[in-house]
Amino acid sequence: MRAMIALLPLMPLLAACGAIPQSRDQQPLRQSTAVFSPRPEAQQCLSGLGQTKASFTPLPDQYYGAGCSTLGTVRLASLRSDNAQLSVSNLGPVTCPLAQNFAAWARYGVDRAARQILGSPLQRIETMGSYSCRNVAGRDRLSAHATANAIDISAFVLADGRRISLSGQWASGSAQERRFLTTIHASACKRFGTVLGPNYNAAHRDHFHLELSRSAFCH
Ligand SMILES: [Zn+2]
């Protein structure tokens, strides 16, 4: 009986531990009545991402105003290739479906191309980030980055230490390095609706913009 009484004051605390981690008042801005509670399709995506053996943390939904939000996003710690873990640098929140496509592209598109064309496995993908509350450069419409639905990729580091960057090797790398970059650009176009690279415009001279969209816009 004494044990029961001793436990009673703890009960609200225990209940709180089991609560949904993100309460409304923790959100940066309340623009919606939605709270963090992964929907069934979101759970399905998270489990699919888990099956790629990616290491990640689901993030609570957040609204930042001006149409900017991170809904159904994860923070990726690492991805998995056929044979090894792949690290990813400088990446913020990404939507789960984008993360899934990114994981598949890294494994089947980038790592395999690195081994076949450059003779070394991929070790790390360097990015210039994902979420950013901003417009498309020079336009008055929101970028896919404003909803964490795009990733900017700047370089690839191989297990043998070579670093293949868009700014360095796209235009002036060796024939093999350029073939590697054009090959993975083409494979990205099969997996992401919108892919923009150095051939598109000067704003993309140093990165691939990978965006999950319904359009097929590959440049
Ligand atoms: Zn971008």
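First, a word on scope: everything that follows refers to the structure included in this document. None of these values were measured; they are calculated from a predicted model.

**Things to note about the overall build of the protein**
Phase 1: Counting its regular elements, the protein contains 6 helices and 12 strands.
Phase 2: Counting all 219 residues of the protein, 42% fall into the buried class.
Phase 3: In the protein, of all internal contacts separated by at least 6 residues, the share reaching a separation of at least 24 is 55%.
Phase 4: Surface exposure of the protein reaches about 11,600 Å², of which carbon and sulfur atoms provide 53%.

**A few points about the pairing of strand β11 (residues 208–211)**
Phase 1: Residues F208 and L210 line one face of β11 and the alternating positions H209 and E211 line the opposite face, and both faces are buried.
Phase 2: Relative to β11, strand β10 (residues 194–196) runs antiparallel, the two sharing 3 bridges. Residue pairing for β11: V195 is matched across the bridge by L210.

**Concerning the coordination of the zinc ion**
Phase 1: Coordination of the zinc ion by the protein involves H145 (NE2), D152 (OD) and H209 (ND1), with metal-donor separations of 2.0 Å.
Phase 2: Each donor residue of the zinc ion lies on the same chain, and together they follow the pattern H-x6-D-x56-H. One end of the pair, D152, is in strand β8 (residues 150–158); the other, H209, is in strand β11, and 57 residues separate them in sequence. Each member of the pair D152 and H209 is classed as buried.

**Side note on the state of the cysteines**
Among covalent bonds in proteins, the disulfide is the one between the sulfur atoms of two cysteines.
Phase 1: Using the criterion set out here, one finds 3 disulfides in the structure.
Phase 2: What connects to what in the protein, once the bonded cysteines are numbered by sequence position, is 1-3, 2-4, 5-6.

**What about helix α3 (residues 40–51)?**
Phase 1: Given a rise of 1.5 Å per residue, 12 residues ought to cover 16 Å, and the 17 Å separating the end C-alpha atoms of α3 matches this to within 8%.
Phase 2: Among all positions of α3, only A42, C45, L46, G48 and L49 are buried. One side of α3 holds all its buried residues, which, seen down the axis, span an arc of 160°. Opposite the buried face of α3, at more than 90 degrees from it, the exposed residues are P40, Q44 and Q51.
Phase 3: If you follow the buried residues of α3, they end up packed against β1 (55–58), β4 (73–80) and α4 (96–118).
Phase 4: Looking one or two residues beyond α3, the residue adopting positive phi is K53, at roughly 65°.

Reading the values: rules and limits
Residues numbered from 1 in each chain as written. Predicted model: local features only at pLDDT ≥ 70, side-chain atom pairs only at ≥ 80, totals over all residues. Heavy atoms only, no water. Helix = DSSP H or I, 4+ residues; strand = E, 2+ residues; numbered from the N terminus. Buried < 20%, exposed > 50% of the residue type's maximum accessible area, 1.4 Å probe, protein only. Contact = heavy atoms within 4.5 Å. Areas by Shrake-Rupley, 256 points an atom, 1.4 Å probe, with all protein chains shown as cover. Pairing = 2+ DSSP bridges. Donors = N, O, S within 2.8 Å, 3.2 Å for Na, K, Ca; no water. Disulfide = S-S within 2.5 Å. Expected span 1.5 Å × (residues − 1). Arc of directions from axis to C-beta.

Geometric values such as these leave the question of function open.
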